[in-house]
Amino acid sequence: MPGVKYQQYESLDYAKLAAEVLTYWNQNQVFEQSVSLREGRPTFTFYEGPPSANGTPGIHHVMARTIKDIFCRYKTLQGYQVERKGGWDTHGLPIELQVEKELGITKDHIGKPESEGGISVEDYNRKCRETVMRFTDQWNDLTQKMGYWVDLDNPYITYKNEYIESIWWLLKQLYDKDLLYKGYTIQPYSPKAGTGLSSHELNMPGTYKDVRDTTIVAQFKVKPTGKSGFLFFDSADADVYILAWTTTPWTLPANSALTVGKDIDYVLVKTFNPYTFLPINVVLAKALVSRWFNEKGHQDSPNSPAFDAYLPNDKVIPWAILSEFKGEHLEGIEYEQLLPYVQPEKSAFRVILGDFVTTEDGTGVVHTSPTFGADDFRVAQAAGIPPIMVKDENGKEVPIVDKHGQFVNEITDFAGRYVKEEYYSDEERADPEFRPTDVLIAIKLKEENKAFRVEKYEHPYPHCWRTDKPILYYPLDSWFIRTTAKKDRLVELNKTINWQPESTGTGRFGNWLENLVDWNLSRSRFWGTPLPIWRSETGEEVCIGSVEELTSYVQKAQGSEVLTEQQRTQNDAYLQKLASGDYDLHRPYVDEVYFVSESGKVMQREPDLIDVWFDSGAMPYAQWHYPFENKDVFAKAFPADFISEGVDQTRGWFFTLHAIAGMLFDSIAFKNVVSTGLVLDKNGNKMSKRLGNAIDPFKTLAQYGPDATRWYMITNAEPWDNLKFNIDGIGEVQRKLFGTLSNTYNFFALYANLDHFTFTGRTVPVADRPELDRWILSKLQSLVLEVEEQFDGYNPTKAGRAVQDFVNDQLSNWYVRLSRRRFWSGVTSDGNMTADKRAAYETLHECLSVVAQLMSPIAPFYADWLYRSLNEGKASVHLTDFPIADKTLINTELEQSMEAAQGVSSLVHSLRKGHKLKVRQPLSRVLIPVLSADTRRQIEHVAPIIMSEVNVKAVEFVDDASGILKKRVKPNFKALGPKFGKQMKEVAAAITAMTDDELKTLEQTNALQLGTFNLQLSDVDIQTEDIPGWLVASEGSLTVALDVTVTDALRGEGIARDFVNRIQNLRKDRDFSVTDKIRIELERNNEVLAQAIETNRDYISQEVQAISLDLVSDLNGRASGPLATEIEMDEFLLRLTVERV
RNA sequence: AGCCAUAUAGCUCAGCAGGUUAGAGCAUCUCUCUGAUACGGAGAAGGUCUCUGGUUCGAAUCCAGAUAUGGCUACCA
């Protein structure tokens, strides 16, 4: 059709539509424009959490990126300039493991010569660099297809030199503030393999095995001081010991504290040592007394003669409880060192409190050795208790067990012994004289009256997956960020962040911050950001904060005599690379440069890499190569206004961003954060490629298009709830929302084109438009406000649902349905549109256009298609300004009226249904009982709508004055509650039993004394229940009655309407155009039918656009012709011809 | 084991500053409407609002505990 203003569509392929829109965007640089058009406007800063491109994207990435995209688009519409720099996370273990898998090697092969099947670090890292960007094409493809607007042309990449240089600068800031230090942490360690194990390695199947170990309940002798005085009240005849159980007796020489639970009940028990038979008083948890003491020996009193009667080797040992107290009273009590081989430098051997203590087993007192337990290390450090350490040959502090798993010389009795018997060879263990170290320790303690019980105990213990030998928890060197030093500030800053959902911020993240430990930065790997610290053997250190600094240190070193020839050559080689710009800050290159310290010692780089999470947490700075470049850009883009990632990032990216910003800039890194839930399969199981329940995002996008996919994900569940992804749900969204909206648009386009309507703004003043128009425009303004509020509150789900409800329930199923006639008539004699018709077009156009804007953040392709279809010449919905709600158009009363109309219509439909009266059969009237003039006026407003909607000829009202209404009175509990409280039941009963007279009194005087209760009108709900003699239906406070009498005239009209319906169907079947005129000849074979047709001939002719409608006695042989048809219509048989003119 | 979240119809979700008949959509079954609409409308059926206690005149809603599911964290001596 030439000159068509509004493109019409037969059927829509949403995926194709999106692809076309995408092409349009790319050709016209719409994304770029959406940013550049806002130049000079306030900025809204978004940080992209960098994905790792070493795997293929999944459907959950579509979810996460949709959230990000929505708010960036929304803020753009609101006039902000929203830059979105993409990024790639390129370092880290997952990439290394993938490379190892592909090369068929393990960590041990790296750095070994090729002749031994090894691979150089150089080659290995090259492989990592290639691997990590392998899937970028797929990622870019997904980004495009799903409509995620992010700048992929200039992404930040964490392995780039510039990025690493910024990280080094940050680390140096930390270092200079004394927030970066070398310490140790307790890690799983395999002495036989000589290596630490990652938690991933510890979680491999089969690592935990049940073993039978020698366990000891050791006696720690309490020093009588002020704090412990209450334990000695009894007498001086017995020493007081605290009992602690251990499954690793070899750690006892390293004991430096005992940990108890603050709120656990403990008792002091009088008894005898079972090995030395000496009288003792011991402390243990009350709940565990029965675990260690035989009930037969129980004495009620410490003065029991049983104690005096006790003889060594007696089977039953008498015991009695002396006193009971909470764990907190034990705090600070000092005890004698159990095995005094090594003295700590600071004071130790105190009772401390720990949150991990239970009374599940043991004695409720935990033997604490900071060098061999992570919990131990943590609580001891917090309490200022030193570990038991010795100095090695270099004067370095080391634990009392060396890296081979043997006691050091200082542990004289056991020097050189392996702490675990499994570390001995099978031959050694076969010797009948062989005793495991744990047993030897047990014997020694028994002899010294330091063991309360020695027994075998079976429990699970982790083993090294490579050597099959038990692992040790062992202190290993690590570099730390002293996050604990800034903990309070980090907690404070967190309170200024808007978390969505709130619980993640206050609960998960807040708790995490409260229990913060120092950030272990070290990773003993190869592919990552190297730690920029050089150290000499004597502990002289320098932290490098830039490439320039690195260069200058290397240059300075070249002048020194200390370096070997080879070191100097390597330095030279690197200096040349630095000079040419063709350098690499990764291993192994930075490992091969050497500095010289002030005192003339060679300095080498600390071999560690840093935690990759530092990489991503550094992105606010490093993405701009701050502070070496872009200082101004950074200043404008920090902190972020908005970030969003999965809830699993709480302790990952969210934390690292927060920690770095807080520690170095005393600032938050982001103001608003949406943490999203997981995407599960439709049964609520985790998606995994292994289980085959993973959804391929590309397939989904190809089948349903990105808009329905995004819409489904956003509106089905709130983003932070887990989404049970059911692909059928996308189909539903597509049919219900996009289908309805497209049909609505097509309807508009069809008639607008016929009438040559072109939207040129509001030419008909809103005030002059009919109720229906003013109503939908009022609803539309309310919708704009609602959507804006929800987007502002980072609630995309509620925003989407509001749009959906508007489109389905208000716009399509009410406004358009009731307005149809206005579109297909309404031409004045001179061929121009009536104002009413014009108003209808303008109203519908405005609704559709605004809906396109409101939905555009969520469904960007479709919304743009819709918007541009409606507004020829406009570049894109994404370049528009967010609609501003005109509050003067909001008419609450009208909205209520329309609600009443909808309610009344629904009830009438229901009554018709009950009496098998189809809507085509006109009825004379509905009767609506109203109790207030307000209600009456409200419904009167919309009476014409009701009449046409339910096909009745009149809406009548019965008010109270008629006296025929039957009322029902119900208690209004909400109002009564505060007044009568406990008497509620009585009041409610009295109200229900109220007489008509009493009710009248209440209504007229607004007061009623009912028994002892003084009631007001507002204390009750009055509803009409019935109109005697009528058929009624009610819903809530609304009641309608329907006159179901069908007179002959009404019957005739009904037949006429049925007839019209049949002709319309016929026209449709025969593919007549909407504008075609016809001639009808109908056989006169039934008088009722004939009369009905004749009486309503004008009406019928107009409806079906017949220029003639004749009743003939027979069809003159044309009954079998191509124009003839026979149709059954209820009890009538229609024989007729229909001819196009 | 600890922390966080969730638990409402067959399915997906609303409702949750406590108010006595717990809603919607999808799916099922009747029926119906349609000159934009593979849409809509009416009806039917479908619920001990996970369980147990508590607070209250009144609890799906608030509190405590339990159970289940999911996530994160973790060395149970």
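On a predicted model such as this, the values are computed, not experimentally measured, just so you know.

**Here's the deal with the packing of helix 16 (residues 547-558) against helix 17 (residues 565-580)**
Phase 1 of the analysis: Helix 17 packs onto helix 16 with a crossing angle of 145 degrees between their chain directions and a minimal axis gap of 10 Å. Helix 17 is crossed by helix 16, and the crossing has left-handed handedness. Between helix 16 and helix 17, the residues in contact are Val-547, Leu-550, Thr-551, Val-554, Gln-555, Ala-557 and Gln-558 and Arg-568, Asn-571, Asp-572, Tyr-574, Leu-575 and Leu-578, respectively.
Phase 2 of the analysis: Residue composition of the contact of helix 16 with helix 17, grouped by class: seven nonpolar, four polar and two charged.

**Some points on the sheet that holds strand 21 (residues 541-543)**
Phase 1 of the analysis: Pairing in this open sheet of four strands is antiparallel, and the strands run 21-20-23-22 from one edge to the other. Of all strands in the sheet, those bounded by a partner on one side alone are strand 21 and strand 22 (595-596).
Phase 2 of the analysis: Here strand 20 (residues 533-535) runs beside strand 23 (residues 602-605); their pairing, made up of two bridges, is antiparallel. Within strand 23, the position partnered with Trp-534 by the bridge is Arg-605.

**Side note on the packing of aromatic side chains**
Phase 1 of the analysis: Enumeration according to the criterion identifies 65 aromatic pairs in this entry.
Phase 2 of the analysis: Here the aromatic rings of Trp-499 and Phe-670 are separated by 6.2 Å at their centres, their planes lie at 80 degrees, and the arrangement is edge-to-face. Taken as a pair, Trp-499 in strand 17 (residues 498-500) and Phe-670 in strand 26 (residues 670-676) lie far apart in primary sequence, 171 residues in all. As far as the burial class goes, Trp-499 and Phe-670 line up, both buried.
Phase 3 of the analysis: Where Phe-738 meets Tyr-862, the ring centres are 4.9 Å apart and the plane angle is 80 degrees; that geometry is what we call edge-to-face. A residue pair is termed long-range when its members are at least 10 positions apart, and Phe-738 in helix 23 (residues 727-754) and Tyr-862 in helix 27 (residues 860-870) qualify at 124 residues.
Phase 4 of the analysis: Site record: aromatic cluster; members linked through ring pairs are Phe-44, Phe-46, Phe-71, Tyr-74, Tyr-80, Phe-642, Phe-791, Tyr-794 and Phe-882.
Phase 5 of the analysis: A cation sits over an aromatic face here: Arg-73 above Trp-149, 3.8 Å from the ring centre.
Phase 6 of the analysis: A cation sits over an aromatic face here: Arg-868 above Tyr-24, 3.7 Å from the ring centre.

**Quick notes on unusual backbone geometry**
Phase 1 of the analysis: The amide bond that connects Arg-587 to the next residue, Pro-588, takes the cis arrangement and shows omega of 0 degrees.
Phase 2 of the analysis: Relative to the elements of secondary structure, Pro-588 occurs in the loop between helix 17 and strand 22.
Phase 3 of the analysis: Between Phe-638 and the following residue, Pro-639, the backbone shows a cis peptide bond with an omega angle of -5 degrees.
Phase 4 of the analysis: One can find Pro-639 in the loop between helix 20 (631-636) and strand 25 (640-646).
Phase 5 of the analysis: Despite not being glycine, Tyr-794 has its phi angle at roughly 60 degrees, a positive value.
Phase 6 of the analysis: Inspection of the secondary structure assignment puts Tyr-794 in the loop between helix 24 (771-792) and helix 25 (796-824).

**A short note on the pattern of salt bridges**
Phase 1 of the analysis: Applying the stated criterion across every chain yields a total of 56 salt bridges.
Phase 2 of the analysis: Between Glu-949 and Arg-817 there is a salt bridge whose closest N-O contact spans 2.8 Å. Remark: Arg-817 occurs in helix 25 and Glu-949 occurs in helix 30 (residues 943-950); sequence separation between them is 132 residues.
Phase 3 of the analysis: The class of Glu-949 is buried, set by a relative accessible area of 11%.
Phase 4 of the analysis: Notably, a salt bridge pairs Glu-1087 with Arg-1084, separated by 3.3 Å at the nearest N-O pair.
Phase 5 of the analysis: Looking at Arg-1084, the relative accessible area reads 33%, which means it is partly exposed.

**Quick look at the domain arrangement of chain A**
Phase 1 of the analysis: If you check the domain split of chain A, you get domain 1 (37-173 + 619-695), domain 2 (212-388 + 434-468), domain 3 (541-603), domain 4 (708-896), domain 5 (904-1042) and domain 6 (1048-1140).
Phase 2 of the analysis: Facing eight residues of domain 5, the contacting portion of domain 6 comprises nine residues.
Phase 3 of the analysis: Here domain 5 is connected to domain 6 by two salt bridges.
Phase 4 of the analysis: With a shortest N-O distance of 2.8 Å, Lys-953 and Glu-1053 are connected by a salt bridge.
Phase 5 of the analysis: Put simply, domain 5 and domain 6 have four residue pairs in polar contact (both at pLDDT 80 or more) between them.
Phase 6 of the analysis: Residues of the side of domain 5 that touches domain 6, tallied by class, amount to two nonpolar, three polar and three charged.

**Regarding the sheet that holds strand 17**
Phase 1 of the analysis: Reading across from one edge, 17-26-25 is the order of the three strands in this open sheet, with parallel pairing throughout. Each end of this open sheet is capped by a strand with a single partner; those strands are strand 17 and strand 25. Each neighbouring strand pair of the sheet contributes to a mean axis angle of 15 degrees, computed without reference to strand direction.
Phase 2 of the analysis: Both strand 25 and strand 26 contribute to a ladder of six bridges, which runs parallel. Paired with Glu-645 across the two strands is Ser-675, which belongs to strand 26.

**So, the environment of Trp-245**
Phase 1 of the analysis: Examined against the element boundaries, Trp-245 turns out to sit in strand 6 (residues 239-246).
Phase 2 of the analysis: A residue is classified by how much of its surface remains accessible, and Trp-245, at 14% relative accessible area, is buried.
Phase 3 of the analysis: A sequence separation of 234 residues divides Trp-245 from Trp-479, and the C-alpha atoms of the two residues are 33 Å apart.
Phase 4 of the analysis: Not counting residues up to four positions away in its chain, the partners in contact with Trp-245 are Thr-215, Ile-216, Val-217, Arg-291, Trp-292, Asp-361, Gly-362, Thr-363, Val-365, His-367 and Tyr-457.
Phase 5 of the analysis: A distance of 3.2 Å separates polar atoms of two side chains, one belonging to Trp-245 and the other to Thr-215.

Calculation rules
Residues numbered from 1 in each chain as written. Chains lettered and ligands numbered in written order. Predicted model: local features only at pLDDT ≥ 70, side-chain atom pairs only at ≥ 80, totals over all residues. Heavy atoms only, no water. Axes fitted to C-alpha atoms, helices over the stretch in contact; angles between N-to-C directions. Helix = DSSP H or I, 4+ residues; strand = E, 2+ residues; numbered from the N terminus. Left-handed = near helix turned anticlockwise from the far one by under 90°. Contact = heavy atoms within 4.5 Å. Nonpolar A, V, L, I, M, F, W, Y, C, P; charged D, E, K, R; others polar. Pairing = 2+ DSSP bridges. Phe/Tyr/Trp six-rings, centres within 6.5 Å; stacked < 30°, edge-to-face > 60°. Buried < 20%, exposed > 50% of the residue type's maximum accessible area, 1.4 Å probe, protein only. Lys NZ or Arg CZ within 6 Å of the ring centre and 35° of its normal. Salt bridge = Lys/Arg side-chain N within 4 Å of Asp/Glu carboxyl O. Domains from an automatic or database assignment. Polar contact = N/O pair within 3.5 Å; in protein donor to acceptor, adjacent residues only side chain to side chain.

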